[in-house]
Amino acid sequence: MTTPSAAVTPAAFPAADAALALTPPMPVKVLERIDWASKNYLIVDDFIGVRQLLRESLRSLGAKNIDQASSGGEAMALLNKLRYDVVLCDYNLGEGKNGQQVLEEARVRQLLLPSSVFVMVSAEKSVESVMGAAEHQPDAYLVKPITEGVLLTRLNRVWRKKQVLRPIDQAVVEKDFLRAARLCDEQIAATGKTHLIDLLRMKARMFERSGQPARAREVYEQVLAQREYHWARAGLGKIRLADGEFEQARQMFQTIVAENRHYIDAYDQLALAYQGMGQHEEAGAILERAARLSPNSVPRQRNLGQAALKLGNIPLAEKAFRKCLVLGEYSIRKNPDAYLGLARVCGMKNETKDALQLLLLAQREFGSGSGAEHEFMRLRAKVTEGLVFHESGDERNARRAGEELDAMLQQDPARPSSAICVEMATMLFAVGLKDTPSEVLCHVVRNNHDNTLLQDEIQKIFDKARLQDEGAAMIRAARKEAVDLMNQGVVLWKGGKLREAVEWMREARTQVPDNVRVLFNAVQILVSHMKQRGYDADLDLEARAILERVDKLQPGQGRFAQLMEQVNALLPKPEEEAAADAAPEPSKPADDRPAPKPVSKPASKPSARSSRARRGY
Amino acid sequence: MEEPHHAPELFLFLASTAHDMKNSISVLSGTLERLLGDASPQTEKAYPQMAQMLYQTRRLNDSLMQLLALYKQVGKPGYPFDMQPIETGQLVEQVVALGRVLLESRGIELELEVAPELVMHVDEDLIVGVVSHAVNNAVHYTRDRIRLTVQEVDDGIEIRVEDNGDGFPPPLLATGALLDKGAGGIDFLTNSAGLGLYFAGEVARMHRHRGRTGAVRLENGGPLGGGCFILTLP
């Protein structure tokens, strides 16, 4: 061969035509050509040479609309203006946001289309890039040095994979996890082995999120029969953990960590297993190791700080919280916990002035937004203030903070989450108040009337406040109130008084807004109403809003998935008849588990969003 | 203890320097590929020199990648090994794309014999790196043909890179035979090619399945009569 242009076997290299070179070089099943030319691209890298290189590569695809940013801030400004189809983003962007923070903020603020491809480019395989490290995973990773061929191959592959996963992702956005699991099976049947492992992983997650650990386990075992994937092993471990088999779970996670020291998710689970066995020192040590491996994760540093605080390891807590604040500066996941935790640390070091300063800062930063976290910021800051004074031995000021909190609680009947309520009550008792903390604890019991573990914990708080018998009586009364609320709804429903039952449950929800059983019953009755009296858009909306709330309070409930499926089945579809399900049984809710289990919170997918900001070319 | 044996500042410094070097090499080889792609020996007087520059840039790139992987403790639990399912066709496509301009510029023909829909479970970046390095290496040894085959064998997958040159020199074959014994058996002073081979061996060993591990060996002969680089994965 003399002429280089003809040097390569034609079958191997279809042509110099870049679009052709993208199709697999071997005669495989014909895949439709992806139209790369008309898409919008964003390249983010702080090095101009790399931006030019990537731009040239994209141009050889025919791409015309290519924007560039040299920093995380610039990238966010562009992402705000335009819905890009493809984002190529370097992890390391110098000063300011890093690539992961750009991704997280873009996802949380829904600046990416569901079909958008986000490719993270990094100098090396980092811990964050091995599965399990980050909550928000990019669609693909590219390790430098980047070459055109690899970039184009990966872009094609991730685009195709997104197509396969798209209907499933849509079901996840709608929180219809049972439908999503069925769609996984359909896609496996359609695509064969190509995406099998990815689809099985997705299917297992759907079973987890719909409260079917037994079926999730089957899928994980199916994967492990083929290959030892750490995430499948970890999946089995998590199910063990949820079942309270802490020692078995510990062994499984220990094995994963021994084989792959960077599988960060296993450390978090290992720490939970130790905590479950009451071995808090060990749990703390594991969290410390995890934080060293993945030092740039805000939630990981926060967890470490809180664990260290519980262990009384003040220097470690301080270090973790401070790191958290530094990291949070550019992160959308910045949250007040680190400020409050650091304030406690300052209190324990008798630096109350600094502690108060931090509390002021936290309120300024987080007190003005909307959402539950922001609404209760003043309460949380006040609780911490009381604890800071209490722990630094200043009982007079602790009492004053307690009284101020008391006044705030009496002025506004809204109550924060159960965990914060318990914290408030503990602090109020500690400074010598009685009525308000008792009332707050009763609120918690009413909202968790079937959670015996939590009630034991609350009884202990009463005991410590020397209110043993009064406390026991109050707990009983609060529990009965909740049961009565529920039962009255069921009586109305059984008597066919659907309108009244719906009304009753609305009232019940204002009284026990966090009671998952009441919320489930409320949805069940709404579903009944629609089944018998026809679809109603308002009731449909109401049911979905309640389910949304339940999934936030206690994710991974079986009854959630069933109800979500029933609600979706009621949507009027011209060609399909809603399946006639068996009558629901609100008096005996299917969920008979004794206590809510710590289920890891699933990452919420951004919902669909139209691309209004498309520019005209 | 997690990041090997250095102070954190030094590690950060090394990491950011490596990042810079990778950027430079990306730009260098991307630019050369573009220039070569637009030119031909007839139109461009410096064509052979440019081809040589690309070859040397690739060698630089491979060595840097291998050194960094060794620094990150490739072959040990400390390396962030990332196994994913991937179709053989996808993997080969990347190797082909990486080598395309270099092979064209050297007038070398690449034959493929691949079962494209075969699903492998591998760390894609590592395996693409190893196979692509084997192809670059074959560019040095071959006369004018390189053959890349991927096929299912007993208990696994075999990837072969073969050429029609004079075969590997005896010292290199000897080194290949020592791979199972780890770095101790390789004389890096007299044998710079040992690094690539050692890296390939470590990468292969990281791939395990049901008690079996991947392996690398070198042979002379084969269908094209030259050197054969053989990577087996369980």
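None of the values given here were measured: they were computed from a predicted structure.

### Thoughts on the side chain of Asn260 of chain A
Then comes step 1: Among the structural elements, Asn260 of chain A can be located in the loop between helix 10 (246-259) and helix 11 (264-276).
Then comes step 2: Owing to a relative accessible area of 3%, Asn260 of chain A belongs among the buried residues under this scheme.

### Remarks on unusual backbone geometry
Glycine aside, residues mostly have negative phi, and peptide bonds are mostly found in the trans state.
Residue and element names in this part refer to chain A.
Then comes step 1: In this structure, the amide linkage connecting Lys144 to the following residue, Pro145, adopts the cis form with an omega of 0°.
Then comes step 2: Tracing the sequence through the fold places Pro145 in the loop between strand 5 (140-143) and helix 5 (148-173).
Then comes step 3: With a phi angle near 55°, Gln110 is a residue other than glycine that sits in the positive phi range.
Then comes step 4: For Gln110, the position within the fold is in the loop between helix 4 (99-108) and strand 4 (117-122).
Then comes step 5: We classify Gln110 as partly exposed; its relative accessible area is 25%.
Then comes step 6: With phi around 55°, Arg466 is a residue other than glycine that occupies positive phi space.
Then comes step 7: Note that Arg466 resides in the loop between helix 22 (452-464) and helix 23 (468-494).
Then comes step 8: Of the residues examined, Arg466 reaches a relative accessible area of 76% and is grouped as exposed.

### Here we look at helix 9 (residues 230-242) of chain A
Residue and element names in this part refer to chain A.
Then comes step 1: Spanning 13 residues, helix 9 covers 18 Å between terminal C-alpha atoms, matching the ideal 18 Å at 1.5 Å per step.
Then comes step 2: Within helix 9, the full set of buried residues consists of His230, Trp231, Ala232, Ala234, Gly235, Leu236, Gly237, Ile239 and Leu241.
Then comes step 3: Structurally, helix 9 contributes buried residues whose contacts are with helix 7 (196-209), helix 8 (213-226), helix 10 and helix 11.
Then comes step 4: Positioned one or two residues after helix 9, Gly244 has a phi angle of 80°, which is positive.

### So, a nonpolar patch on the surface
All names here are of chain B.
Then comes step 1: Side chains of Leu10, Phe13 and Leu14 sit close together on the surface and give an oily, nonpolar patch of about 280 Å² of accessible area.
Then comes step 2: Relative to the helices and strands, Leu10 is located in helix 1 (residues 8-38).
Then comes step 3: Leu10 sits in the partly exposed class, given a relative accessible area of 38%.

### Regarding the confidence of the model for chain B
Then comes step 1: Averaged over chain B, the pLDDT score is 86; the fraction of residues at 70 or greater is 90%.
Then comes step 2: Two numbers describe this predicted complex: its pTM, 0.81, and its ipTM, 0.85.

### Details of the pattern of salt bridges
Then comes step 1: Inspection of every chain in the model, using the stated rule, returns 55 salt bridges over all chains.
Then comes step 2: The closest approach of N and O atoms between Arg157 of chain A and Glu124 of chain B, which form a salt bridge, is 2.3 Å. With Arg157 of chain A in helix 5 and Glu124 of chain B in helix 4 (residues 124-141), this pair bridges two chains.
Then comes step 3: A residue is classified by how much of its surface remains accessible, and Arg157 of chain A, at 21% relative accessible area, is partly exposed.
Then comes step 4: Overall, the relative accessible area of 11% leaves Glu124 of chain B in the buried class.
Then comes step 5: Of the charged contacts, one joins Arg160 of chain B and Glu219 of chain B as a salt bridge, the two residues approaching to 4.0 Å between their closest N and O atoms. Residue Arg160 of chain B is located in strand 5 (residues 156-163), and its partner Glu219 of chain B is located in strand 8 (residues 215-220); the two are separated by 59 residues in the primary sequence.
Then comes step 6: With relative accessibility at 15%, the residue Arg160 of chain B sits in the buried group.

### Some points on the packing of helix 21 (residues 435-447) of chain A against helix 22 of chain A
Describing two packed helices takes the angle between their axes plus the distance from one axis to the other.
All names here are of chain A.
Then comes step 1: Two numbers describe how helix 21 lies on helix 22: the axes approach to 10 Å, and their chain directions differ by 170°. Relative to helix 22, the element helix 21 lies roughly antiparallel. Residues Ser438, Leu441, Val444 and Val445 of helix 21 form the contact with helix 22, whose participating residues are Leu454, Gln455, Ile458, Ile461 and Phe462.
Then comes step 2: Here the contact of helix 21 with helix 22 is built from residues that sort into seven nonpolar, two polar and no charged.

### A look at the sheet that holds strand 2 (residues 109-114) of chain B
Residue and element names in this part refer to chain B.
Then comes step 1: An order of 2-4-5-9-8 is seen for the five strands of this open sheet, with the pairing classed as mixed. Strand pairing shows two members of the sheet lacking a second neighbour, strand 2 and strand 8, which therefore form its edges. Shown here is a sheet whose adjacent strand axes are inclined to one another by a mean of 15°, direction ignored.
Then comes step 2: Where strand 5 and strand 9 (residues 227-233) come together, six bridges link them in antiparallel fashion. Residue pairing in the sheet places Glu162 in a bridge with Cys228 of strand 9.
Then comes step 3: Docked against the sheet, helix 3 (residues 88-105) engages strand 2 and strand 4 (145-153), running at close to 175° with respect to strand 2.

### Brief notes about the sheet that holds strand 3 (residues 86-90) of chain A
Sheets are built from strands that pair by backbone hydrogen bonding, the pairs being arranged parallel or antiparallel.
All names here are of chain A.
Then comes step 1: The strand order across the open sheet formed by five strands is 2-1-3-4-5, and the pairing between neighbours is parallel. The open sheet terminates on both sides in strands that have one partner only, identified here as strand 2 (65-69) and strand 5. On average, each strand axis in the sheet is tilted by 20° relative to the strand beside it, whichever way the strands run.
Then comes step 2: Of the strand pairs in this sheet, strand 1 (residues 40-44) and strand 2 are connected by five bridges, and their pairing is parallel. Across the sheet, Ile43 pairs through a bridge with Gln68, a residue of strand 2.
Then comes step 3: Lying over the sheet, helix 2 (residues 48-59) contacts strand 1, strand 2 and strand 3, oriented at roughly 170° with respect to strand 2.

Calculation rules
Residues numbered from 1 in each chain as written. Chains lettered and ligands numbered in written order. Predicted model: local features only at pLDDT ≥ 70, side-chain atom pairs only at ≥ 80, totals over all residues. Heavy atoms only, no water. Helix = DSSP H or I, 4+ residues; strand = E, 2+ residues; numbered from the N terminus. Buried < 20%, exposed > 50% of the residue type's maximum accessible area, 1.4 Å probe, protein only. Expected span 1.5 Å × (residues − 1). Contact = heavy atoms within 4.5 Å. Patch = residues over 30% accessible without salt bridge, like charges linked within 9 Å, V, L, I, M, F, W, Y side chains within 5 Å. Areas by Shrake-Rupley, 256 points an atom, 1.4 Å probe, with all protein chains shown as cover. Salt bridge = Lys/Arg side-chain N within 4 Å of Asp/Glu carboxyl O. pLDDT = per-residue confidence, 0-100. Axes fitted to C-alpha atoms, helices over the stretch in contact; angles between N-to-C directions. Parallel < 35°, antiparallel > 145°, perpendicular 65-115°, else oblique. Nonpolar A, V, L, I, M, F, W, Y, C, P; charged D, E, K, R; others polar. Pairing = 2+ DSSP bridges.

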